[in-house]
Amino acid sequence: PALSRDGLCLVVSPLIALMKDQVQNLNSKGIKSLAVYSGMSYQQIDAALDNAIYGDYKFLYVSPERLQTHLFKSRAEKMNINFLVVDEAHCISQWGYDFRPAYLQIAEIRKLLPGVPVLALTATATPEVVKDIQVRLGFKQENVFRMSFERKNLAYVVRQTDSKMNELLHILQRIPGCAIVYTRSRNRTREVAEFLRQQGITAEFYHAGLPNVDKDIRQGKWQRGESRVMVATNAFGMGIDKPDVRLVVHVDLPDSPEAYFQEAGRAGRDGGFAYA
């Protein structure tokens with residue numbers, strides 16, 4: 001829809017890795033896109049916002065924290081914004097499993113953009129969260145498009161075992177293709193990845209405590225297929241759009257049924273058969 005209209009689509013997105021990934025994808029398809037997020041210098045942000053006004057860009061990705069800065073608000077009024085999109089919209093709801101207080105400020109930006117349509121997207125929301133998202137974004141009336149949660153190409157399997165590591169190894173030896181393994185603790189990501197490497201399986205580990213440079217390198221190796229397995233906490237994966245994940249394994253219980261569905265749903269995005 002953004003491409004079909006004149007102007008710039010403003011996308012509010014919660015994770016730097018997710019923004020970088022999407023901007024890279026769009027630019028590789030010849031669609032001019034840029035992002036503004038914490039960690040950039042004032043000069044970099046200033047230049048990016050100027051480009052968004054004068055540079056014929058189609059997509060501008062912004063973290064919710066950036067929206068509230070005076071610099072952003074003063075520039076947004078000069079941009080020809082055709083769409084406001086809120087990605088991972090469950091982050092706006094206090095009942096969502098991944099609440100981000102800065103998301104509550106998005107409704108303020110709507111006042112600067114009268115008449116600009118708003119689209120909120122999420123893969124995981126209970127009926128209460130769906131209602132709450134619309135209230136928090138100031139929808140005049142309820143307007144929801146919903147696909148079924150059912151993913152016919154995914155097989156959900158629960159395995160009882162005395163040795164999770166041996167069971168994990170057995171599964172990875174039986175099922176070919178790219179995999180994500182979720183654990184509950186940061187230390188465990190390292191332990192599991194080291195165990196898999198000792199067994200001759202290429203593996204990276206990923207958690208919120210790693211420096212951003214390390215996160216980018218590891219995610220890149222996994223996305224390019226140089227490493228087969230990503231062992232991670234729930235810090236990994238939101239918006240990760242790798243189509244050929246054949247397997248998602250939880251060696252520890254996830255935070256909630258919604259979180260499980262979101263994480264398991266990263267398998268089989270190419271429509272091919274996959275296991276959770």
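Conventions used here
- Residues numbered from 1 in each chain as written.
- Predicted model: local features only at pLDDT ≥ 70, side-chain atom pairs only at ≥ 80, totals over all residues.
- Heavy atoms only, no water.
- Phe/Tyr/Trp six-rings, centres within 6.5 Å; stacked < 30°, edge-to-face > 60°.
- Helix = DSSP H or I, 4+ residues; strand = E, 2+ residues; numbered from the N terminus.
- Buried < 20%, exposed > 50% of the residue type's maximum accessible area, 1.4 Å probe, protein only.
- Lys NZ or Arg CZ within 6 Å of the ring centre and 35° of its normal.
- Pairing = 2+ DSSP bridges.
- Core = buried A, V, L, I, M, F, W, Y, C linked by side-chain atoms within 4.5 Å.
- Contact = heavy atoms within 4.5 Å.
- Axes fitted to C-alpha atoms, helices over the stretch in contact; angles between N-to-C directions.

**Looking at the packing of aromatic side chains**
Taken as a whole, this structure holds 5 aromatic pairs when the rule is applied. Ring centres 4.9 Å apart and planes at 65 degrees place the aromatic pair Tyr206 and Phe236 in the edge-to-face group. Separated by 30 residues along the polypeptide, Tyr206 in strand S8 (residues 203–206) and Phe236 in the loop between strand S9 (229–232) and strand S10 (245–250) bring together distant segments of the chain. According to the relative accessible area criterion, Tyr206 is buried, its value standing at 5%. The buried category is assigned to Phe236, whose relative accessible area is 1%. Taken together, the aromatic side chains of Tyr156, Tyr260 and Phe261 make up a single cluster linked through ring pairs. The ring of Phe205 carries the charged tip of Arg218 above its face, separated from the ring centre by 4.3 Å. Sitting over the ring of Trp222, Lys242 keeps its end group 5.6 Å from the ring centre.

**Topic: the pairing of strand S1 (residues 8–12)**
Within S1, 5 of the 5 residues are buried, which leaves it mostly tucked inside the rest of the structure. Of the two faces of S1, the one carrying Leu8, Leu10 and Val12 and the one carrying Cys9 and Val11 are both buried. Here S1 runs beside strand S4 (residues 81–86); their pairing, made up of 5 bridges, is parallel. Across the sheet, Val11 pairs through a bridge with Val85, a residue of S4. Relative to strand S3 (residues 59–62), S1 runs parallel, the two sharing 4 bridges.

**Digging into unusual backbone geometry**
With a phi close to 60 degrees, Asp56 is a non-glycine residue in the positive phi region. Relative to the elements of secondary structure, Asp56 occurs in the loop between helix H2 (42–54) and S3. For Glu88, which is not glycine, the phi dihedral falls at a positive 50 degrees. Structurally, Glu88 is set in the loop between S4 and helix H5 (106–112). Classification of Glu88 by relative accessible area gives buried; the value is 8%.

**Here's the deal with the pairing of S10**
Most of S10 sits inside the fold, with 5 of its 6 residues counted as buried. Relative to S10, strand S7 (residues 178–182) runs parallel, the two being bridged by 5 bridges. Bridge pairing in S10 links Ile180 to Val248.

**Some details on the nonpolar core**
Ranked by size, the top nonpolar core spans 48 residues in total, and within it Leu60 and Phe72 carry the most contacts. Other than its neighbours up to four places away in sequence, Phe72 contacts Leu10, Leu49, Leu60, Val62, Arg66, Leu67 and Ile109.

**Side note on the sheet that holds strand S5 (residues 118–120)**
Within the open sheet, the 5 strands sit side by side as S2-S3-S1-S4-S5. Their pairing is parallel. Of all the strands in the sheet, just strand S2 (33–36) and S5 have a single pairing partner and so form its edges. Going from strand to strand, the sheet's axes swing by 20 degrees on average, the running direction of each strand aside. With respect to the sheet, helix H1 (residues 16–28) is in contact with S2 and S3, its orientation differing from that of S2 by roughly 165 degrees.

This is a description of form; function is not addressed.
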